[in-house]
Amino acid sequence: MNPMASTLNRIPSSTYRLQFSADFTFAHAREIIPYLSALGITDIYASPISRARSGSSHGYDVVDPTSLNPELGTIEEFNELTLAVKAADMGWVQDIVPNHMAFHSQNSMLMDVLENGADSRYLDFFDIDWNHRDENLRGKVLAPFLGAFLGQCLESGEIILEFTAGAFSLRYYELVLPVRLESYATILTFNLPTLRKRLGHDHPDFIKFLGALYVLKNLPTREDPADRYDQIPFVKALLSELYACNTVFKLFVDENIRILNGEKGIPESFNRLAGLLSEQHYRLSFWKVGTEEINYRRFFAVNDLISLRAEDPEVFKTVHALPFKLLEEGKITGLRIDHIDGLHDPVEYLHTLRAALPSTSIVVEKILQHSERLRPDWPIQGTTGYDFLNWVNGLFCRPDRRNDFMRIYRTFTGLETSYSKLEEEKKRLIIEKDLSGSLENLAHELKALAGKFRYGSDFTLFGLRRALEEILVHFPVYRTYFGPGRSDEEDKTVIRQATSRARARLAIQAKEIDFIETMILGREGTHLSKDEKQYAQYFTMRFQQFTSPLMAKGIEDTLLYVYNPLLSLNEVGGEPSRFGITLDEFHTLNEMRAEIWPHTLNATQTHDTKRGEHLRARINVLSEFPEEWEINLNKWHEINSSLLKVVEENVVPDRNDEYFLYQTLLGAYPLQPGDQQEFLPRIRAYLVKAVREAKVHTAWLKPDLEYEENFLAFAQSILENGPEGGFLKAFLPFQKKIRFYGYFNSLSQTLLKLTAPGIPDFYQGTELWDLSLVDPDNRRPVDYTQRAKYLEEIERRDLSGREALLVDLLDNLKDGMAKIYLIHKILQVRKERPDLFSPGGYHALRAEGQYAQSIVAFARGERGNQAIAIAPRFLGNVVKPGTLPLGKDVWGDTLLRLPESAGGWLNVLTGATLPGSDTLPLCDILHRFPVALLLRSD
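Each chain has its residues counted from 1, following the order in which its sequence is written. Local features in a predicted model are, by the rule used here, given only for residues with pLDDT of at least 70; side-chain atom pairs are given and counted only at 80 or more, and totals for whole chains, interfaces and linings are based on all residues. Side-chain figures throughout are based on the complete set of non-hydrogen atoms in the structure, without hydrogens or water.

**A few points about the nonpolar core**
Counted only if it meets this: Throughout, nonpolar core names a set of buried Ala, Val, Leu, Ile, Met, Phe, Trp, Tyr and Cys residues whose side chains join them through atoms within 4.5 Å. The buried label applies to any residue whose accessible area, calculated with a 1.4 Å probe on protein chains only, is under 20% of its type's maximum; exposed applies above 50%, and partly exposed to all values in between. The numbering of helices and of strands both runs from the N terminus, where a helix is a DSSP run of H or I of at least 4 residues and a strand a run of E of at least 2.
Counting residues in each nonpolar core, the largest one holds 200 residues, and the members touching the most others are F20, W92, F586, W629, I870, W891 and L896. With 14 residues, the top contributor of residues to this core is helix α29 (residues 726–755). M109, A143, L188 and L219 belong to the second largest nonpolar core, which has 71 residues in total.

**Here we look at a negative patch on the surface**
For clarity, the cut-off: Note on patches: the residues involved have over 30% relative accessible area and no salt bridge, like charges join within 9 Å, and the nonpolar side chains Val, Leu, Ile, Met, Phe, Trp and Tyr join within 5 Å. Note on areas: Shrake-Rupley with a 1.4 Å probe; residue coverage comes only from the protein chains shown. Basic side-chain nitrogens of Lys or Arg form a salt bridge, by our definition, when they fall within 4 Å of a carboxyl oxygen of Asp or Glu. In this count, Lys and Arg are taken as positive residues and Asp and Glu as negative ones, while His and the chain termini are left out. Every charge is mapped onto a representative atom, which is NZ of Lys, CZ of Arg, CG of Asp or CD of Glu.
Taken together, E648, E649, D704, E706 and E709 make up a surface patch of like negative charges. Positionally, E709 belongs in helix α28 (residues 705–720).

**Section: the pairing of strand β14 (residues 334–337)**
The following threshold applies: Pairing between strands requires that DSSP locate at least two bridges from one strand to the other. Convention used here: a crossover is right-handed provided that the path from the first strand, over the helix, to the second strand proceeds clockwise when the strands point away from the viewer.
Side-chain alternation along β14 places G334 and R336 on one buried face and L335 and I337 on a second face that is also buried. The pairing of strand β5 (residues 91–96) with β14 spans four bridges and is classified as parallel. Opposite V93, over in β14, you have G334 as the bridge partner. Where β14 and strand β15 (residues 361–364) come together, four bridges link them in parallel fashion. Residue pairing for β15: I337 is matched across the bridge by V364. After leaving β14, the chain enters helix α14 (residues 346–356) and then returns to the sheet as β15, a path that is right-handed.

**Points about the packing of aromatic side chains**
The condition is simple: Here is the rule: rings of Phe, Tyr and Trp (six-membered ring for Trp) pair when centre to centre is within 6.5 Å. Planes less than 30 degrees apart are stacked, more than 60 are edge-to-face, and the remainder are tilted.
This structure, assessed with the given rule, holds 55 aromatic pairs. A ring pair is formed by Y122 and F125, whose centres lie 5.0 Å apart and whose planes are at 90°; its orientation type is edge-to-face. On the basis of relative accessibility, which here comes to 5%, the residue F125 falls in the buried class. For the pair F727 and F731, a centre-to-centre distance of 5.0 Å together with 25° between the ring planes defines the contact as stacked. A residue pair is termed a helical-turn pair when its members lie 3 or 4 positions apart in one helix, as F727 and F731 do in helix α29 at four residues. For the pair shown, F727 and F731 are each scored as buried.

**Overview of the sheet that holds strand β13 (residues 302–307)**
Where strands meet in a sheet, backbone hydrogen bonds hold them as pairs that are either parallel or antiparallel. As summarised here, the arrangement of the three strands in space is β6-β13-β12, forming an open sheet in which the pairing is antiparallel. The sheet terminates laterally at β6 (100–102) and β12 (298–299), the two strands that pair on one side only.

**Focus on the packing of helix α30 (residues 784–800) against helix α32 (residues 817–832)**
Packed helices, taken two at a time, are described by the angle between their axes plus the distance between the axes. Counted only if it meets this: Angular values range over 0 to 180 degrees, each being the angle between N-to-C directions of two axes fitted as lines to C-alpha atoms, with helices fitted over their stretch in contact. Angle categories: roughly parallel below 35 degrees, roughly antiparallel above 145, roughly perpendicular from 65 to 115, and oblique for all the rest. Note: crossing handedness is left-handed where the near helix turns anticlockwise from the far helix by less than a right angle, and right-handed where it turns clockwise. Here a residue-residue contact requires only that any non-hydrogen atoms of the pair lie within 4.5 Å.
Where α30 contacts α32, the two axes come as close as 10 Å, and the packing angle between them is 70°. Overall, the two elements α30 and α32 adopt an arrangement that is roughly perpendicular. In this structure, α30 meets α32 at a crossing whose hand is right-handed. Two secondary-structure elements touch here, α30 through R787, Y790, L791, E793, I794, E795 and D798 and α32 through M817, I820, Y821, H824 and K825.

**Quick look at helix α25 (residues 626–640)**
Our working rule: Take the number of residues in a helix, subtract one, and multiply by 1.5 Å to get its expected span.
The end-to-end C-alpha separation of α25 is 21 Å, in line with the 21 Å expected for 15 residues at 1.5 Å each. Within α25 the residues assigned to the buried category are P626, W629, E630, N632, L633, W636, H637 and N640. Elements in contact with the buried residues of α25: α16 (402–413), α26 (655–668), α28 and α29.

**Some points on helix α3 (residues 108–116)**
In terms of burial, α3 is a largely internal element, eight of the nine residues being buried. Among the residues of α3, those classed as buried are M109, L110, M111, D112, V113, L114, E115 and N116.

**Considering the sheet that holds strand β10 (residues 175–178)**
An order of β8-β9-β10 is seen for the three strands of this open sheet, with the pairing classed as antiparallel. The two strands at the open ends of the sheet, each matched to only one other strand, are β8 (159–164) and β10. Averaged over all adjacent pairs, the angle separating strand axes in this sheet is 30°, with direction ignored. Examined bridge by bridge, β8 and strand β9 (residues 167–172) share six bridges and lie antiparallel to one another. Its bridge partner being in β9, T164 is matched across the sheet by A167. Its contacts with the sheet place helix α10 (residues 271–279) against β8 and β9, and it is angled at close to 75° to β8.

**Quick notes on unusual backbone geometry**
Backbone torsion omega between V652 and P653 reads -5°, so that peptide bond is classified as cis. As for its position among the elements, P653 is in the loop between β19 (650–652) and α26. The backbone of E649 sits at a positive phi, close to 70°, despite the residue not being glycine. Tracing the backbone through its elements, the reader meets E649 in the loop between β18 (645–647) and β19. Positive phi is not limited to glycine here, since K695 has a value of about 60°. Mapped onto the elements of the fold, K695 is located in the loop between α27 (676–694) and α28. By relative accessible area, K695 is classed as buried at 18%.

**Quick look at the side chain of S548**
With respect to the helices and strands, the residue S548 is situated in helix α22 (residues 530–556). If we ignore the near neighbours within four places in the chain, the residues touching S548 are F300, H339, D341, G342 and Y478.

**Comments concerning the environment of S420**
Turning to its location among the elements, S420 is positioned in helix α17 (residues 419–433). Look at S420 and you get partly exposed, because its relative accessible area is 49%. C-alpha separation for the pair S420 and H474, spaced 54 residues apart in sequence, amounts to 9.3 Å.

**Overview of the pairing of β9**
A regular strand places its side chains on the two faces of the sheet in alternate fashion. Among the six residues that make up β9, five are buried, leaving the element largely enclosed by the rest of the structure. Between β8 and β9, which pair antiparallel in sequence order, lie two residues; one of them, A165, sits at a positive phi of approximately 55°. Alignment of β9 against β10, held across four bridges, turns out to be antiparallel. Following the sheet pairing, L170 is matched in β10 by L177. In this structure, the hairpin formed by β9 and β10 is closed by a connection of two residues, where Y173 is found at a positive phi of approximately 55°.

Listed below in C-alpha cells is the structure:
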C-alpha cells in the first residue's frame, strides 16, 4: 500500500473534468455544482485557470502563471465558485502547467527577456540556448512566426515599428515584440539634428529628452536589477509624456518611425528597419525555420509554446505561487501536473513539490506503454488514467479476431507494413519535418561531449547524429528518469533495448551508439572523472527531454491516424498492434493498482483522447463481427465508388482513408435525428485534422487542399444522399446493430471505471453517451440543463417505483438516462462505503458456464465486507440485436463463483436481494439491469 495515503488532507472519491474557457466560465461552473453534487461527484477537476493568451479555448498557453485568467471570470466569481464547491462538501483538483508558457506578446516575462536580453530578471526562466553554434542566433531567441521569408515580410510592409505608452515595439499582424532598450537610441537619434533645430538645444523638453537618452545608454546591468527596473519605467514615462505634451517631439518620433518603416516598392528604404531588427534580442524568421533551426525548447514541436526551466528554484517558486496560495486558502484541494515528462528532472521535481505539499493529493499526466508501470517510489497518488483507459478499452476487443481484422485491413487497403515498421517510419518523419533542429542541437551537444573523451574525439557530427536518430526511433517508452546519482534497472533496460535495436539497424555507427550508451549508463571498465560525469549527466538530461515529444508527435499525432485496423485501439498511450487484452491481464493490473496506486485516476476519456468513450465502445463491437464488417465494407465501397475522384492517377480518398471514414461513421453517427444537421460540419472538420495529422497526402506544414477538398466532398456526398441515397440505406442497418451493442459496452465500461481500484474520473458531459471526436470537437458546450433534468427524474421515479424506472431506462437507451442512473447509484455507494473502494482490496472472480468469457467480475473490500462488480462484454455472441441481455433465456447456465457463501447480497442497481451461496446464477444477477454491483445485504 502507498504509505502516503494516510497523510493526505483529502482524497477524492470521484472527479469531474471541467474545461474552462470564455464560453464556460466560473459563473457557469457555479450553476452546475448542485447538479454535480447530486450526481455524486466529490471533486471537480479543473483545466488550467491561470492567465492564458486571449481567446484560448483550453488554457495550456499560459502567459502569466501567477494570476487567474480574467476571461474565465472575476476574482469575485472565482471566490463564489470555490464557496459553492465547499458548501457542497466537494474538493477541487487543479490542473497546472509547470513545463511551458506561450511564446506570445501577452507573456510579460518573456517580453522582458526580449527587451532586456542578458540583463532580464527572467533570463533563466526559459529554456533558451543563448550560446547557440549559429552566429545569427547567438545571444538571441529565434522567433519563427513569419508567414514568409523575412525579407519578403519586411519589404511588403508587414513588419512595422510602433510607439505606444512610451515604448517601441515591432508588430507583425497580431504578434507584437518589444524593441530592446538599447535600440531606442537608434530610433531616436538618427534624425536628432532636426529635433534640436526645431526645439532648440536649451528647450526644457529637449534637455529631458537628452536625459532619457543618457539613462538608456547607461542602464544598470543584471547585477543591479533594482536600479535597472526603477529606471526603465521612468524613461518610458518620460518619453510618453514628451510624446503626449510636445507636438514637435511627437512629429519627430512619428517621422522617424515613418522613415524606418520604409516604403513599399523601394527595397533600400527598408535598410534601416532591417538594421533595427538585427539589433534585437530575438531573430524574426519564417515559421518553417523553427523545424530546422531552433534555440529554445518547445512544447513538443509547437513554435508558440516555449519551455520553462522548472528545475530553477526561482522558476519553480513563480510557476507554483498561485496554486500554492489557493491550496493554502483551501480554495483548491489537489493538483494535476501537466506533461510531467517534459520537465528536466521529473523525479526531482516531484520530490520538491511533495516537500512543499506534504498532505496534498497529486496526480500526473504520464503516458505509460503497455508493459510499463508507474515508478512506485514517485511521491504522488498516481496518473491521470490513460493506462486504465487502454486496459479497460482492451477488454471489449476480442483478441481472437486479430488475424481476421488484419486480413480485412490489408486486403481492403493494400497496406502490408507492420505496426513496428510504421512506428519507426513515422518517428523518422517527425524528426525530419518537425524536430530536425532540436535533434541537430542535441547532436552538437553530443559532439562537444565526445571531444572531451579520447575514445570519442574521432566521432563526426554526422555519425553521432545518425546514431542518435537510430536510438530515438527505436525508443520504446516516452522517457527514462536518470538523474544525478539516480538510476534504476527499468531505465537501464530501456536504454539497452533501444541501443541494441539501433546497432542491429545501423551497424556502421555501432561505436557511436556504444558511446551514447556509455554516456547514459556508464560502463564497466570506463572510468569517468567528476567533470566528465557532469558532462555526461547534462547530455543525458537533454536526451531524455527529446524522447517524449518524439513519441507524442510520432505516435499520438501521426501513427494513430495511419494504422487503422480497429480505430477504438488508436488511443493516447495505446498500442494498436495489441488487439485487446485478456481477463487475466486486466485482473493483474487491478491487483497492482489496489496495492500500490489505490488513488490513481480511472479515466475513460480526457481532453486529449482521440475519441469519446462511447464512440470507442461502439467501434469495439466491430471486433465481434469481422465477417459482417468485411461484407459491409466492400458493399459500401462499391456503392460509393462513383464518387471517388482520380487526381494525378491517385484515387481520393485512398483506401486507408476510406476505411478510416467508415469506421469513424460507425462510431460517431448521431443518436438523435436532430443532431444530424450539426454532424456534417463536425465530421468535415475532423477529417481535415485526421488527414493532416496522418501526413500521408497532406499535412499542417504543407496542406494539399485538393486532396482535402475531394475527401470532404466524398464524405459529404455519401452522408447527404450518396449515389441515390444508396450508402445510408446500406449503412444504417449495420450501424444500428453496432449502436445497440455499444450501449452495453459503454455501461460495462462505466461500471468498471466506477468500481476498479482508483478514482473514477468523468470528462465533462460523459454522463450521457458521448460521441465526441478529437479536440476541439470534445470541447463543445455541454447541456447541463438536460442532464440535471434527467437526474431529477431518475431520483423522483426511483422513490416511486424502481422496477418501472428500469424498464423505461432500457426501453429508451438512446437518451442515455441509463448511464446517468448507473453513475449516480454507484457514486452514492462510493460516498457511503469508502472502505470498499478507497483503498479496498481486489479479488478476481471467475464465471463458469456457456458465456463465462463474456463476464468480467471482481470483488472489492475484504471477506465479510465486500462489493462485487459484474460487467458483461462480447454480447454479440450472447443476444440478438434488440434483445436485452437479461434473464434466464439469455444467460442460461452461466454462473459466478463467489469468494464466500455466508450472508446474502443486495443488487445496488435493481434493489433485488440474492441468497448467500458460493455461486450465483448470472440470470439472477442480471435480471433487470445489464450490469450489477452487489453489496452484502447483512
